[in-house]
Amino acid sequence: MTLTAAPAQLPLRPGSATDVFAYNGSIPGPTIEAHEGDRVIIHFRNELPEPSTIHWHGLHIPATIDGSPFHPVAPGGQFDYVFTVKPGAAGTYWYHPHPHNRSGYQIAKGLYGAFIIRADDDPLPPSIPEKLLVLSDNRFLADGSFDFPESHSLHGRIDTENGREGDVLFVNGEVEPTLAIRSGEVQRWRVINASGARVYRLALTGHSFLHIANDGGLFERPVEVSEILLANAERVELLVRGTGAPGSRATLQAQPYDRYVPQTRPADWSRTRDVLTLQYSAEAPAAPVILPEVLRPIPRLDPALATDTRLMVLTQGLINARSMDLGRVDVSAPLGATEIWQIENLVGMDHPFHLHGFQFQVLDRNGVAEPFRSWKDTVNVPRHSTVRFVVRYDDYPGKWMFHCHILDHEDMGMMGVLEIT
Ligand code: C2O
Ligand code: CU
Ligand code: CU
């Protein structure tokens, strides 16, 4: 398929059109679906007035087509991203631009989309309806244009510190949409946090969730939870059981989550925000669905095999006291090595940490062992805490980025380079 990034005008808010950047004219961009084993060919055309890339967030593909800042596509230029989807990769991913210093701006302007990989042996009954929820937020001026404050203004400096948050929440580009469900039905929700800085603590009134997948796909078994914390760039899959009565409704809410330093914490941070309405149809309840108790095996990455531990100390805008330099390699390791990464957040706000190219397994958070295995590529590291994960550098040599996924922090240089040789 072809993805063209170009300026456009879209009616994001009632009564006005906004100057945006969009893939193929829509926000989010087209949802891309592939199966394990598929060969994917994306023709990218950059019709933006500035360099861009498409980064395939979370996908395990060669470094040369990772769409990192090492491989910018000039305005008016084109590039073909061609790769084969590995077996076991089924899950919910997303794509977004990753040019040097401009990722946050281009994503906020509207460049992001979902990438779903399916397995032929998916353990969930195919009769379960599936919903995709791409979450984003934005901020507007009175004339309907996006609010991007001048970087040295007070508001600009607050955005740099907190990450740019917006007061208008979108689901698939719509404000507070309504989702239909039938009583008794079970739905599979794939949720992507495509926001530059907003962290979502999601809860559905009157319902719990069965949490079945993280960034890199299904768990070994479902886990019942009352809420989900979804940091920037993270994804989850949830089973929503339609326990409500015919004709009733429920609200998916973003509950307050304090990820901020006190000095720049927004005054209204503790407000609960409505994200979408779940509307039950009047139909009589559907017949119960039998859900599998076991989803798929997840091979364990054994930390005892680790040949090195990489210490990453996060401070405001810096990793190990350094700012991003494309000409520097921060970590180098041999192809196939297993390593532990220890991410220490020394400061008073959260930083969601992302590694390109390789899915990892979280070992512990602040010394508390992770209760079950899952594949992840992004993990939130809350203020003054330490997260450890284990990763194996399979298949693909080359230079890979790691960074904070608060996009303002990433663009400021809170990023480094891992070279696999
Ligand atoms: Cu969502 Cu460097 O990536
Ligand atoms: Cu990425
Ligand atoms: Cu950060």
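Further up the page is the structure itself.
A. Focus on the overall build of the protein. A tally of regular secondary structure across the protein gives 3 helices and 31 strands. What you see for the protein is a C-alpha radius of gyration of 21 Å, in line with the 22 Å of a compact globule of 421 residues. Looking at the 421 residues of the protein, the share that counts as buried comes to 55%. Taking as baseline every contact in the protein between residues at least 6 positions apart, the subset at least 24 positions apart corresponds to 77%. Across the protein, the mean location of the 36 positive side-chain charges is 2 Å away from that of the 50 negative side-chain charges.

B. Fine view of the coordination of the copper ion (ligand 3). Here the copper ion (ligand 3) is held by H351 (ND1), C404 (SG) and H409 (ND1), and the distances to it run 1.9 to 2.1 Å. Sequence spacing of the donor residues for the copper ion (ligand 3), all on one chain, is H-x52-C-x4-H. Of this pair, H351 sits in strand β25 (residues 351–355) while H409 is found in helix α3 (residues 407–412), placing the two residues 58 residues apart along the sequence. Both residues of the pair, H351 and H409, belong to the buried class.

C. Broad picture of helix α2 (residues 154–162). Listing the buried residues of α2 in full gives G156, D159 and N162. One side of α2 carries all its buried residues, which in axial view fall inside an arc of 140 degrees. Pointing more than 90 degrees away from the buried face of α2 are the exposed residues L154 and R157. Buried residues along α2 sit against α3. Remark: G163 follows α2 within two positions and exhibits a positive phi of approximately 90 degrees.

D. Region of interest: the sheet that holds strand β30 (residues 398–404). Pairing in this open sheet of 5 strands is mixed, and the strands run β23-β31-β30-β25-β28 from one edge to the other. Here the strands that pair on one side only, and so sit at the sheet edges, are β23 (331–333) and β28 (378–381). Here the strands of the sheet are splayed against their neighbours by 20 degrees on average, with no regard to which way each runs. Relative to β30, β25 runs antiparallel, the two sharing 3 bridges. Within β30, the residue paired with H354 across the bridge is H403.

E. Representation of the coordination of the copper ion (ligand 2) in the model. Listed as protein donors to the copper ion (ligand 2) are H55 (NE2) and H354 (NE2); their distances from the metal cover 1.9 Å. With H55 in strand β5 (residues 55–57) and H354 in strand β25, the pair connects residues that are 299 residues apart, well separated along the chain. Taken as a pair, H55 and H354 share a single burial class, namely buried.

F. Expanded view of the side chain of H98. Looking at where H98 falls in the secondary structure, it is placed in the loop between β7 (91–96) and α1 (103–108). Side-chain polar atoms of H98 contact the side chain of H403, separated by 3.3 Å. Among all residues touching H98, those that are not within four sequence positions of it are T53, H55, G67, S68, P69, S103, H356, H403, E410 and M415.

G. Seen up close, the pattern of salt bridges. Counted under the stated rule, the structure contains 34 salt bridges. Notably, a salt bridge pairs E227 with R201, separated by 2.9 Å at the nearest N-O pair. With a gap of 26 residues between them, E227 in the loop between β16 (217–225) and β17 (228–230) and R201 in strand β14 (residues 200–204) connect regions that are remote in the sequence. Under the relative-accessibility criterion, E227 is labelled partly exposed at 34%. The partner of E234 in a salt bridge is K376, with the nearest N and O atoms 2.9 Å apart. Taken together, the positions of E234 in the loop between β17 and β18 (235–241) and K376 in the loop between β27 (368–369) and β28 put the pair 142 residues apart, joining distant regions of the chain. Across the pair, exposure class does not vary: E234 and K376 are buried alike. Connected via shared salt-bridge partners are E33, R118, D122, E130, R188, R190 and E237.

H. Region of interest: the side chain of R190. Note that R190 resides in strand β13 (residues 186–193). Reaching out from R190, the side chain makes a polar contact with the side chain of T92 at a distance of 2.9 Å. A distance of 3.2 Å separates a polar atom in the side chain of R190 from a polar atom in the side chain of E237. Those residues in contact with R190 that lie beyond four places of it in its chain are G91, T92, I116, R118, E130, K131, L132, L133, V236 and E237.

I. Structural context of the packing of aromatic side chains. In the structure shown here, the tally under the stated rule is 22 aromatic pairs. Arranged with centres 4.8 Å apart and planes meeting at 55 degrees, the rings of Y105 and F148 form a pair that is tilted. Taken together, the positions of Y105 in helix α1 and F148 in the loop between β9 (130–138) and α2 put the pair 43 residues apart, joining distant regions of the chain. For Y105, a relative accessible area of 24% translates into the label partly exposed. Judged by centre distance (5.4 Å) and plane angle (45 degrees), the rings of F140 and F146 are tilted.

J. Examining the nonpolar core more closely. Counting 31 residues, the largest nonpolar core has W341, F353, F389, Y393, F402 and L418 as its most contacted members. Among all residues touching Y393, those that are not within four sequence positions of it are A333, P334, L335, G336, A337, E339, W341, F358, L418 and I420.

K. Representation of the environment of R118. One can find R118 in strand β8 (residues 113–118). Other than its neighbours up to four places away in sequence, R118 contacts E33, A34, H35, E36, A90, E130 and R190. In terms of polar contacts, R118 uses its side chain to reach the side chain of E130, at 2.9 Å.

Cut-offs applied
- Residues numbered from 1 in each chain as written.
- Chains lettered and ligands numbered in written order.
- Predicted model: local features only at pLDDT ≥ 70, side-chain atom pairs only at ≥ 80, totals over all residues.
- Heavy atoms only, no water.
- Helix = DSSP H or I, 4+ residues; strand = E, 2+ residues; numbered from the N terminus.
- Rg over C-alpha atoms; globule rule 2.2 N^0.38 Å.
- Buried < 20%, exposed > 50% of the residue type's maximum accessible area, 1.4 Å probe, protein only.
- Contact = heavy atoms within 4.5 Å.
- Lys, Arg positive; Asp, Glu negative; His and termini not counted.
- Charge placed at Lys NZ, Arg CZ, Asp CG, Glu CD.
- Donors = N, O, S within 2.8 Å, 3.2 Å for Na, K, Ca; no water.
- Arc of directions from axis to C-beta.
- Pairing = 2+ DSSP bridges.
- Axes fitted to C-alpha atoms, helices over the stretch in contact; angles between N-to-C directions.
- Polar contact = N/O pair within 3.5 Å; in protein donor to acceptor, adjacent residues only side chain to side chain.
- Salt bridge = Lys/Arg side-chain N within 4 Å of Asp/Glu carboxyl O.
- Phe/Tyr/Trp six-rings, centres within 6.5 Å; stacked < 30°, edge-to-face > 60°.
- Core = buried A, V, L, I, M, F, W, Y, C linked by side-chain atoms within 4.5 Å.

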